[in-house]
Amino acid sequence: MRSFKLIERYKSTQVHALTPPDANPSSTTTSCSATGKVNHHSKWLKLSQTISASAAEPLLPCGLPKTELIEPPIDPHLKSVNHVETLASLYRRFQTCSKLDKLLICLEQYSLLRSLGDPKLLRRCLWTARQNVADVPSKVVLSAWLRYERREDELLGSTSMECGGHILECPKAAMVPRYDSNSFYDHCQCRLGTVDGSDKQMIVGDDGCSTSNEDNDVSFCIGDEEINCVRNRIAVLSGPFETMLYGSFIESNRVKIDFSENGISVEGMRAVEVFSRTRRLDSFNPEIVLELLSFANRFCCEEMKSACDAYLASLVCNIGDALILIDYGLEETASLLVAACLQVLLRELPSSLYNLKVVKIFCSIEAKERLAMVGHASFLLYYFLSQVAMEENMVSKTTVMLLERLRECATEKWQKALALHQLGCVRLERKEYEDAECCFEAAIGVGHVYSVAGLARAKYRQGHQYSSYDLMNSLISDYKSVGWMYQERSLYCNGRMKIFDLNTATQLDPMLSFPYKYRAVALMEEKQIRASITEIDKIIGFKVSPDCLELRAWFFIALEDYPSALRDIRALLALEPNYMMFHWKVSADHLVELLSRHVQQWSQADCWMQLYDRWSCIDDIGSLAVIHQMLVNDPHKSLLRFRQSLLLLRLNCQKAAMRSLRLARNHSVSEHERLVYEGWISYDTGHHEEALSKAEESIALQRSFEAFFLKAYVLADTSLNSESSAYVIQLLEEALKCPSDGLRKGQALNNLGSIYVDCSKLDLAADCYMNALDIKHTRAHQGLARVCHLKNQKKAAYNEMTKLIDKARNNASAYEKRSEYCDREMAMNDLSMATRLDPLRTYPYRYRAAVLMDDQKETEAVEELTRALAFKPDLQMLHLRAAFYESMSDFVSAIQDCEAALCLDPNHTDTLDLYKRARDQAATHQQQK
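Predicted model only: the values in this text are computed from it and were never measured.

> Could you give an account of the confidence of the model for the chain, with specific residues and numbers?
Averaged over all residues, the pLDDT of the chain is 88; the fraction at 70 or higher stands at 90%. Under a pLDDT of 50 for its full length, residues 1-57 has, in the predicted model, 189 contacts with residues more than four places off or in other chains. A low-confidence stretch, residues 193-214 (pLDDT under 50), is modelled with 24 contacts involving residues beyond four sequence positions or located in other chains.

Set out below in structure tokens:
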């Protein structure tokens, strides 16, 4: 068994294409680290054991993939058959529910939005939940969860109990039982001063303990010692003391009372006397306060217990303190002390899950019952813990136990569905098929339709292919078709029917990667390797994932195109630094070494030239590969980590991008550089004011391109007026005066041109774009096209965008933008191309729908948006469809779309206006009936 100490700190959750053949769930240990991190995607692709006889044989130790062994994962999230209806219902319930119920609705929304994979939406759910809770247990969990989402544990120099400056994430604010009605961005005050306990006086002997002789009217005897007390002060500590000292007991008439058999020491009783007079504990050491806590429990001294509880809670600073004190808190039902201990353990996640003592606190039935005694065993707590455990190791025993506790805490239908479905997914990965089947059946029983796919898969793994096919066939018949239904059914049929289902799945939901991978491998089996690459390129073009890059690398190796294979594996490693390939037998890093022997080696100077060329032609994957090679030679180069994060953000790989940005911050060699990276981290996690502050601090230390650029970028992202625009222009001009390379200066010139256009300074904007193009910032063609269009030079604008299309490797956005500068027919062609290259772009759907609406084809217009909304619930598309419904006098549908849109962004002004108007019209229409 591996140590429960934190290992491989920056190890990320791999979306494996391969799994080890000897993955035996029974061999897993209670630690999440026992088998390394195993993700639920780990079994989508197994390998043929036939060794290739080609020249590439040494590079393919496990052969090539085969179609009959390909399998998509069952996503461990709640999935709705109708996203719009579900989101609308959540919004209505949130608006009308009590304050106490808002937390559960936020959690339900979070669980449903996880399948969409948008970190900003998930963060807003947690923020809103935190804002709407007052009890300490919930606040502790949510503040820790928000910290985990930011992965502040990966920032060197930060501690788990350090306040990030935001009140909704502050550990001290979480310990106060009240509502924090502050906005998401409000700062707390705890950084204005620090609590210093070094001046606390410890009581020694009798000093400060005894009262004056005339006040003493009762003594408590413990052994040979007498502790002089004031009778009425002791009596008011609790009802039992009042009865003993003033009731019918014989002690009421005694001056000396024997307390030797009541389990308290002399020092403890002296502390009781002091507390009875002062109501303070700050002069006692923790051991005495613990004794007072036990004494207070025994004699029902509620005020003393609360004081001891709060004082001990304030002492919990690290995981060592927490592990020692939590047992006392649980034993004495000290809720605040337990909360303080849990807060440390939760804010230490994920590393604390590698500690066997921590696992023991959370995982067993007895542990959950002990937590329940003090009000801390909640669905919220175990939801958070189980999500972290699943990300760390999908098949560990710890994950199973936490999900079992989550199931026990579930009370509402959606909670039961979530816990049962996730437990089913874990059981499936552990090859416990009968148990998985039971979990999925139970989830279906509480209304989770997607669990039918899990049930079908569990039956299929047990050899019941027909039953699985029948399940999915019935599902498709009973519900409106969704892409995943056809994808799942394709596993249980063959030939043309399989291909039909896969193609239908892609049409209904182009975000599903499995159909592309299957078709690519099928072409590979037919020796059509180039066609295989073309097929997998379709999804890599708009959705980059490690498994797809790995598959394409296989194809390139089979072609003996080693430079392309090496590029894909290097890019893969930028997404998942510890990725294992070839049935878990070869690390991606090792394969890079093998492939490097077959390609020309570049010096660091060559790499910079290659990076410049690839960045200029908007080859993001190629740029990632070059940066990875440069980082191998210089792993602590923060500038390269920062560039890597920019590329990953461009590829919509936000999790990997934030990891790179944190590494850039950790490896920064100067204070001003570190502040810039911290500013970008704050900006990307929604804290714009903090990002601005970091930029200003950095500029105060040293004027640099990145600091000025960050400040300008953040300000430009707010609503600009003429005054603020002028200031942003000034900042960008200052940035351009500072040393930097052409890659970044091109971006600054491009941004400066955009601000000039907004200020109607078209000639200055054109100069900026031309200067950017002179240093090969290819995206400046788009800005120059905008200038030409505003100057009424439509042909020139079209030509500029054509140049961008010709130069850019990723050019879906260029086709979309060029459509604005041509006639309707040509625009429709460009938008069709944009959709084919990137079906996730929403503008083409909205444009086509608007054209259909203009042509009085209302049904077709609505259907155009409905097709896209089925796989991508988008605010703008929902708002547009609601407007269409309003114009068609279908106010019920308009209201539902508005509610779904507001569930994604409750402050969207246009939708709020449309929502109010649609409701008023619906009410008027109802009255006229």
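More follows now that the structure is in view.
> Let's hear about the sheet that holds strand E5 (residues 256-258): which residues, and what values?
Spatial strand order, E4-E3-E5: 3 strands in an open sheet with mixed pairing. In this open sheet, the two strands that pair with only one neighbour each are strand E4 (225-229) and E5. Direction aside, the axes of adjacent strands within the sheet are offset by 30 degrees on average. Sheet topology places strand E3 (residues 218-222) next to E4; 5 bridges connect them, and they run antiparallel. Bridge pairing in E4 places Cys221 opposite Glu226.

> Can you lay out unusual backbone geometry for me, pointing to particular residues and giving the numbers?
The peptide bond linking Leu349 to Pro350 adopts the cis configuration, its omega dihedral lying at 5 degrees. Tracing the backbone through its elements, the reader meets Pro350 in the loop between helix H12 (335-347) and helix H13 (356-363). Its identity as a non-glycine residue notwithstanding, Ile618 has a phi of 55 degrees, on the positive side. Along the chain, Ile618 turns up in the loop between helix H28 (604-616) and helix H29 (620-633).

> Kindly report on helix H37 (residues 762-774), identifying the contributing residues and their values.
When the terminal C-alpha atoms of H37 are compared, their 18 Å separation across 13 residues agrees well with the 18 Å that a helix rising 1.5 Å per residue should span. Those residues of H37 not exposed but buried are Leu762, Ala765, Ala766, Cys768, Tyr769, Ala772 and Leu773. Down the axis, H37 shows its buried residues gathered within 160 degrees of arc, on one side only. Set apart from the buried face of H37 by more than 90 degrees, the exposed residues are Asp763 and Asp774.

> Quick rundown of the environment of Ser283? Include the residues and the values.
Note that Ser283 resides in the loop between helix H8 (266-278) and helix H9 (286-298). On the basis of relative accessibility, which here comes to 17%, the residue Ser283 falls in the buried class. Distance in space between the C-alpha atoms of Ser283 and Ala271 is 9.3 Å, their sequence separation being 12 residues.

> How would you sum up the pattern of salt bridges? Please name residues and give values.
Throughout the structure, instances matching the rule amount to 56 salt bridges. The shortest N-O distance in the salt bridge between Glu108 and Arg93 comes to 2.7 Å. Within this pair, whereas Glu108 is found in helix H2 (residues 102-113), its partner Arg93 is found in helix H1 (residues 83-96), the two being separated by 15 residues in sequence.

> Give a detailed account of the packing of aromatic side chains, specifying residues and quantitative values.
As enumerated under the stated definition, the model contains 29 aromatic pairs in all. Where Phe241 meets Phe299, the ring centres are 5.0 Å apart and the plane angle is 20 degrees; that geometry is what we call stacked. You can see Phe241 sitting in helix H7 (residues 239-246) and its partner Phe299 sitting in the loop between H9 and helix H10 (302-315), a full 58 residues away along the chain. Taken together, the ring pairs in this structure connect Tyr110, Trp145, Tyr148, Phe379, Tyr383, Phe384 and Trp414 into an aromatic cluster. We note Lys99 situated over the ring of Tyr179; from NZ or CZ to the ring centre the distance is 4.9 Å.

> Please give an account of the environment of His166 that cites residues and values.
Considering the arrangement of structural elements, one finds His166 in the loop between helix H4 (136-150) and helix H5 (171-174). C-alpha separation for the pair His166 and Glu690, spaced 524 residues apart in sequence, amounts to 9.4 Å.

> So what's going on with the side chain of Arg744? Residues and values would help.
One can find Arg744 in helix H36 (residues 742-758). Not counting the four nearest positions on each side in its chain, Arg744 is found in contact with Phe642, Arg643, Leu646, Trp680, Phe705, Glu706 and Phe709.

> For helix H24 (residues 529-540), give the residues involved together with the corresponding values.
Here H24 spans 16 Å end to end across 12 residues, near enough to the 16 Å set by a 1.5 Å rise per residue. Where H24 is concerned, the buried positions are Ile529, Ser532, Ile533, Glu535, Ile536, Ile539 and Ile540. Here the buried residues of H24 occupy an arc of 160 degrees about the axis, which is enough to place them on one side. Turning to H24, the residues buried within the fold contact helix H23 (514-525), helix H25 (546-558) and H29.

> Residue-level account of the packing of H10 against H12, with values.
Where H10 meets H12, the closest approach of the two axes is 7 Å, and the angle between their N-to-C directions is 15 degrees. The orientation of H10 with respect to H12, classified from their angle, is roughly parallel. For the pair H10 and H12, the sense of crossing is right-handed. Residue-level contacts link Asp309, Ala310, Leu312 and Ala313 of H10 to Ser335, Leu336, Leu337 and Ala340 of H12. Broken down by class, the residue content of the contact of H10 with H12 amounts to 6 nonpolar, 1 polar and 1 charged.

Reading the values: rules and limits
Throughout, residues of each chain are indexed from 1 in the direction in which the sequence is written. Side-chain atom pairs in this predicted model are given and counted only at pLDDT of 80 or more, local residue features only at pLDDT of at least 70, and totals for whole chains, interfaces and linings cover all residues. Water and hydrogen atoms were dropped before computing side-chain values, which therefore reflect all heavy atoms in the structure. For every residue, the predictor reports its confidence as pLDDT, a number between 0 and 100. By definition, residues are in contact when any of their heavy atoms lie within 4.5 Å. Here the rule is simple: two strands pair whenever DSSP picks up at least two bridges between them. Secondary structure follows DSSP: runs of H or I at least 4 residues long count as helices, runs of E at least 2 residues long count as strands, and numbering of each begins at the N terminus. All axes here are fitted lines through C-alpha atoms, helices being fitted over the stretch that makes contact, and every angle between N-to-C directions spans 0 to 180 degrees. The span you would expect from a helix comes to 1.5 Å times its residue count less one. Each residue's exposure class comes from its accessible area (1.4 Å probe, protein chains only) as a fraction of the maximum for that residue type: buried when under 20%, exposed when over 50%, partly exposed otherwise. What the arc covers is the set of directions going from the helix axis to the C-beta atoms. For this analysis, a salt bridge means a side-chain nitrogen from Lys or Arg found within 4 Å of a carboxyl oxygen belonging to Asp or Glu. Two aromatic rings from Phe, Tyr or Trp, using only the six-membered ring of Trp, form a pair when their centres are within 6.5 Å; if the ring planes differ by under 30 degrees the pair is stacked, by over 60 it is edge-to-face, and anything between is tilted. By definition here, charges over rings are those cases where NZ of Lys or CZ of Arg is within 6 Å of the ring centre and within 35 degrees of the ring normal. Note that the term roughly parallel is reserved for angles under 35 degrees, roughly antiparallel for angles over 145, roughly perpendicular for angles of 65 to 115, and oblique for everything else. Here a crossing is taken to be left-handed if its near helix is turned anticlockwise relative to the far helix by less than a right angle, and right-handed if that turn runs clockwise. Any residue outside Ala, Val, Leu, Ile, Met, Phe, Trp, Tyr, Cys, Pro, Asp, Glu, Lys and Arg is labelled polar, Gly included; the first ten of those are nonpolar and the last four are charged.

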